[in-house]
Amino acid sequence: MAAQKQLPRFVEFGKKIIGIGRNFSEHAVELGNAVPTEPVVFLKPSTAYITWPNPIKMPDGASEIHHEVELGLVIGTDGRNIPESAALSHIGGYVLALDMTDRILQMKLKSTGLPWALAKGFDTSCPVSDFIVKDKIPDPQEVDLWLKVNGKMRQEGNTKNMIFSIAFLVSWLSRHFTLERGDVILTGTPSGVGPVKVGDVIECGLGTVAKMSFPVVEGN
Ligand SMILES: CC(=O)CC(=O)C(=O)O
Ligand SMILES: [Mg+2]
């Protein structure tokens with residue numbers, strides 16, 4: 001409870017949303033990408049956040065978007081050049097997150113070597129759960145991730161299968177830019193990503209620690 005008071009709801013101080021791509025080899029392979037030798041990084045604007053009971057809105061011009069269930073790390077203490085040995089102490093807690101992606105647009109951008117910002121950063125592209133206090137996840141490298149669409153299982157994975165560990169990611173990112181209290185790091189999705197359309201309902205969870213559900217609606 002004390003920890004919850006320190007970090008009440010991350011959205012009150014949410015800053016950068018830092019995405020890590022292709023951090024599970026089976027997912028990299030399912031989209032025809034090479035398994036990375038260095039983390040693949042992108043950013044989403046804070047306007048991407050939504051929490052229950054808000055819906056995911058289809059972005060303009062799209063008829064489908066992809067779901068990606070992920071563990072989100074919430075930074076609790078600012079840091080730069082954080083050694084790997086101290087990385088976990090900079091994490092203040094966690095969120096269950098969806099990295100919603102306009103895959104068709106992302107593929108187009110990739111094919112011309114352009115950044116993914118528009119495909120990853122549309123409004124409502126980052127649904128998140130309530131803040132999860134650190135104690136609820138004693139080992140973030142041993143967490144089940146699952147996602148269903150309209151009641152059918154689509155993604156099942158475990159954070160132990162990440163290519164780059166959570167401690168490595170926090171340390172490595174902090175060498176490139178300062179991590180600030182309230183930043184959220186999306187740690188990558190396991191395999192099974194796929195399309196959702198208007199009318200679909202996504203339900204997902206982190207083992208039994210967190211669960212959330214979001215409908216997909218027409219954008220405006
Ligand atoms: C290809 C992607 O969109 C990468 C990504 O976000 C991931 O989680 O992996
Ligand atoms: Mg992702």
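Residues numbered from 1 in each chain as written. Chains lettered and ligands numbered in written order. Predicted model: local features only at pLDDT ≥ 70, side-chain atom pairs only at ≥ 80, totals over all residues. Heavy atoms only, no water.

Enquirer: Summarise the overall build of the protein chain; cite the residues concerned and give the values.
Expert: A tally of regular secondary structure across the protein chain gives five helices and 15 strands. Its C-alpha radius of gyration of 16 Å places the protein chain within 12% of the 17 Å reference for a compact globule of 220 residues. Viewed in the frame of its principal axes, the protein chain has a C-alpha envelope of about 45 × 35 × 30 Å. Evaluated residue by residue, the protein chain yields a buried proportion of 54% over its 220 residues. Put simply, 76% of the contacts in the protein chain that link residues at least 6 apart link residues at least 24 apart. When the accessible surface of the protein chain is split by element, carbon and sulfur atoms take 53% of a total near 9,900 Å². Within the protein chain, one finds 22 positive and 24 negative side-chain charges whose respective centroids are separated by 1 Å. (Helix = DSSP H or I, 4+ residues; strand = E, 2+ residues; numbered from the N terminus. Rg over C-alpha atoms; globule rule 2.2 N^0.38 Å. Buried < 20%, exposed > 50% of the residue type's maximum accessible area, 1.4 Å probe, protein only. Contact = heavy atoms within 4.5 Å. Areas by Shrake-Rupley, 256 points an atom, 1.4 Å probe, with all protein chains shown as cover. Lys, Arg positive; Asp, Glu negative; His and termini not counted. Charge placed at Lys NZ, Arg CZ, Asp CG, Glu CD.)

Enquirer: I'd like to hear about the site of ligand 1, residue by residue, with values.
Expert: Lining the immediate environment of ligand 1, one finds 14 residues, of which R22, E68, E70, D99 and K120 sit closest. In the environment of ligand 1, an oxygen atom lies 3.2 Å from a nitrogen or oxygen atom belonging to the side chain of H27. Between an oxygen atom of ligand 1 and a side-chain N or O atom of Q106, the distance comes to 3.1 Å. Protein contact buries 100% of the 280 Å² of open area that ligand 1 shows by itself. Breaking the shell around ligand 1 down by element, the ones donating at least two residues are β1 (17–21) and α3 (103–111). (Near = heavy atom within 4 Å. Polar contact = N/O pair within 3.5 Å; in protein donor to acceptor, adjacent residues only side chain to side chain.)

Enquirer: How would you explain a nonpolar patch on the surface if you had to name every residue and give the values?
Expert: Residues V29, V35 and I163 make up a contiguous nonpolar surface patch of about 230 Å² in total accessible area. With respect to the helices, strands and loops of the structure, I163 is situated in the loop between β11 (152–158) and α5 (166–176). (Patch = residues over 30% accessible without salt bridge, like charges linked within 9 Å, V, L, I, M, F, W, Y side chains within 5 Å. Salt bridge = Lys/Arg side-chain N within 4 Å of Asp/Glu carboxyl O.)

Enquirer: Let's hear about the UniProt feature "domain: Fumarylacetoacetase-like C-terminal" (unreviewed entry) in the protein chain: which residues, and what values?
Expert: Residues annotated by UniProt as "domain: Fumarylacetoacetase-like C-terminal" (unreviewed entry) correspond here to residues 16–216. Span residues 16–216 is 15% helix and 35% strand, its end C-alpha atoms 24 Å apart. (UniProt positions renumbered as here; feature names shortened; annotations may be inferred.)

Enquirer: Break down the packing of aromatic side chains for me, citing the residues and quoting the values.
Expert: What describes a pair of aromatic rings is the distance from one ring centre to the other and the angle between the planes of the rings. Under the definition given, this model contains two aromatic pairs. With a centroid separation of 5.8 Å and 45 degrees between ring planes, the pair formed by F42 and W116 is classed as tilted. Residue F42 is located in strand β2 (residues 40–44), and its partner W116 is located in the loop between α3 and α4 (117–120); the two are separated by 74 residues in the primary sequence. On the basis of relative accessibility, which here comes to 7%, the residue F42 falls in the buried class. (Phe/Tyr/Trp six-rings, centres within 6.5 Å; stacked < 30°, edge-to-face > 60°.)

Enquirer: Break down the pairing of strand β15 (residues 210–217) for me, citing the residues and quoting the values.
Expert: Burial along β15 is one-sided: A210, M212, F214 and V216 are buried, and none of K211, S213, P215 and V217, which face the opposite way, are. One ladder, built from two bridges, connects strand β4 (residues 56–57) with β15; its direction is parallel. Looking at the pairing, I56 lines up with V216 of β15. Here strand β14 (residues 201–206) pairs with β15 via six bridges, running antiparallel. Residue V201 lies in a different strand from β15, and its bridge partner there is P215. (Pairing = 2+ DSSP bridges.)

Enquirer: Quick one: what's the story with the sheet that holds β11, residue by residue and with numbers?
Expert: In space, the five strands of this open sheet follow the order β4-β15-β14-β10-β11, with mixed pairing throughout. For this open sheet the edge positions go to β4 and β11, each flanked by a neighbour on one side alone. Relative to β11, strand β10 (residues 144–149) runs antiparallel, the two sharing six bridges. Looking at β11, one finds that L145 is bridged to G157.

Enquirer: Please give an account of the state of the cysteines that cites residues and values.
Expert: Under the defined criterion, the tally for this structure stands at zero disulfides. The thiol of C126 is unpaired, and the distance to the nearest cysteine sulfur, on C204, comes to 11 Å. Residue classification places C204 among the buried residues on the basis of a relative accessible area of 0%. (Disulfide = S-S within 2.5 Å.)

Enquirer: Which residues make up the nonpolar core, and what are the values?
Expert: In this structure, I56, L98, I185 and L206 are the most contacted members of the largest nonpolar core, which totals 44 residues. Listed by contribution, the elements that provide at least two residues to this core are β1, β6 (69–75), β7 (91–98), β10, α5, β14 and β15. Setting aside its immediate chain neighbours within four residues, L98 contacts I56, E68, V69, S125, C126, P127, L147, I202, C204, M212 and F214. The next biggest cluster of nonpolar side chains, apart from the first, holds twelve residues, and it includes I17, A48, V74 and C126. (Core = buried A, V, L, I, M, F, W, Y, C linked by side-chain atoms within 4.5 Å.)

Enquirer: How would you summarise the environment of M107 if you had to cite specific residues and measurements?
Expert: Within the secondary structure, M107 is located in helix α3. Remark: the alpha-carbon pair of M107 and L31, spanning 76 residues in sequence, is separated by 9.7 Å.

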